[in-house]
Amino acid sequence: MKTLLILAWLAVAPLPGAANAEVGFPSGTERPAEATVPEILGRAEALAPLRAVVILKGGEVVAERGYRGRSPAAPTNIKSASKSIVSALVGIAIDKGILEGVDQKIAPLLAGDLPADPDPRLSDVTIGHLLSMQAGLGRTSGANYGRWIASPNWVRAALAEPFVDEPGGAMLYSTGSTHLLSAILTRVAGRSTLALARDWLGDVPGFSIADWERDPQGIYLGGNQMAMSTRSLAAFGELYRNGGRAPDGRQIVPPEWIDRSFELRTHSRFTGDGYGYGWFLREIAGHDVRYAWGYGGQMLYIVPAVGLTVAITSDETAPAGRTGHRDDLHALLAEIMATTGAAGAGDG
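The rules behind the values
- Residues numbered from 1 in each chain as written.
- Predicted model: local features only at pLDDT ≥ 70, side-chain atom pairs only at ≥ 80, totals over all residues.
- Heavy atoms only, no water.
- Helix = DSSP H or I, 4+ residues; strand = E, 2+ residues; numbered from the N terminus.
- Buried < 20%, exposed > 50% of the residue type's maximum accessible area, 1.4 Å probe, protein only.
- Contact = heavy atoms within 4.5 Å.
- Areas by Shrake-Rupley, 256 points an atom, 1.4 Å probe, with all protein chains shown as cover.
- Pairing = 2+ DSSP bridges.
- Axes fitted to C-alpha atoms, helices over the stretch in contact; angles between N-to-C directions.
- Expected span 1.5 Å × (residues − 1).

Asker: Which parts of the structure should I look at to understand the overall build of the protein?
Answerer: The secondary structure content of the protein amounts to 11 helices and 11 strands. Sorting the 348 residues of the protein into buried and exposed places 57% on the buried side. If you take every contact in the protein between residues at least 6 apart in sequence, the share linking residues at least 24 apart comes to 64%. Entry remark: accessible area of the protein is about 13600 Å², with carbon and sulfur atoms responsible for 51%.

Asker: What is the right way to read the sheet that holds strand β8 (residues 280-284) from this model?
Answerer: Pairing in this open sheet of 8 strands is antiparallel, and the strands run β2-β1-β11-β10-β9-β8-β7-β6 from one edge to the other. Edge positions in the sheet fall to β2 (60-66) and β6 (266-267), since each of these pairs with one other strand and no more. In terms of strand pairing, strand β9 (residues 287-294) meets strand β10 (residues 298-303) through 5 bridges, oriented antiparallel. The residue bridging tryptophan 293 from the neighbouring strand is methionine 299, located in β10. On top of the sheet, helix α9 (residues 230-241) reaches β1 (50-57), β2, β10 and β11 (308-314); it is set at about 150° to β11, its chief contact.

Asker: Before we go on, may I ask you to explain the pairing of β10 in this structure?
Answerer: On any regular strand, side chains alternate: one points to one face of the sheet, the next to the other face. Here β10 lies mainly inside the structure; 6 of its 6 residues are buried. Alternating positions in β10 separate into two faces, Gln298, Leu300 and Ile302 on one and Met299, Tyr301 and Val303 on the other, with burial throughout. Linking β9 to β10, which pair antiparallel, is a turn of 3 residues; within it glycine 296 sits at a positive phi near 90°. Taking the residues between adjacent antiparallel strands as the criterion, β10 and β11 are bridged by 4 residues, where glycine 307 takes a positive phi near 70°.

Asker: Would you mind showing me how to read helix α7 (residues 175-189) here?
Answerer: Structural remark: α-helix, 3.6 residues per turn; residues separated by three or four positions point the same way. With 15 residues, α7 should cover 21 Å at 1.5 Å per step; its first-to-last C-alpha distance of 21 Å lies within 8% of that length. Judged by how many residues are buried, α7 sits mostly within the fold: 12 of 15 residues are covered. Where α7 is concerned, the buried positions are Thr175, Gly176, Ser177, Thr178, His179, Leu180, Leu181, Ser182, Ala183, Ile184, Leu185 and Thr186. Buried residues along α7 sit against α3 (83-95), α4 (127-131), α5 (145-149), α6 (154-159) and α8 (193-200). Among the residues trailing α7, glycine 190 stands out with phi positive, at a value near 70°.

All we've got here are geometric facts, nothing functional implied.
See the structure below:
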């Protein structure tokens, strides 16, 4: 993404209340009996990949902090956390009647890009399967990602992957699946996915997509390589935490779509966490948490029961799973929950 490095130093408008956010203390301090949020964010300096944190409770900014010269207002590559945004666009498209629903078959929508002799199972793959990573097609993420984006047509390459499971089977995390959703949205709406995002989500205060990579055919990459500030990521999280409503009460994302997105549909074979429509599901500090996760530690946590939204961005060049950074961020969220009075005995 050619403009990401430049955009990383540009500021976007802050979220409401951000001007009053506190800053943390220097790292290396002992945690007092009742640590404050700024103290927790100060000690988080020890997490080397960390770049920015924004915390909101009940719609108000509790605190925000940047690390190593980064600002919560600076666009950064949120990587696969953008899959949750693609999911929102699908939900809005269904609500508008542009798409029929999650059971709609994808083959007729992508007929021009199907293999010459397609596997019969392609006719069974639905929009819902793509959203929940249960298409059954071979993965284009992980070790296969480089080969996939080196192909001349990413949509055709994703559809040509061999089936390794049946449609509706085990979770096979694949950016190719969300890219197919981006291609479908582009074709049925007659507009680019970026134009749809700016139209349908652009009225959310603080939300902004600064840049987004496209495939060789000009389709925006569904589920990766999207530039957005930590504040903007938090604004998107607030939209979901608030049942799809903007602060002024306008319904942006249908509330029933948010419920469906947070519904357990499968489990990650890497973490054991649940997965819905573009959102991971797990319990942290006694509460059900929904989170978006991008490579390197780009995280958007929503704790609906206690009104908490936490957006975190990290170094995009290093893995977060096998290094333990992802688990460190889960632990950081647990500390924030305890300090903001959000930790509890569970959601029932």
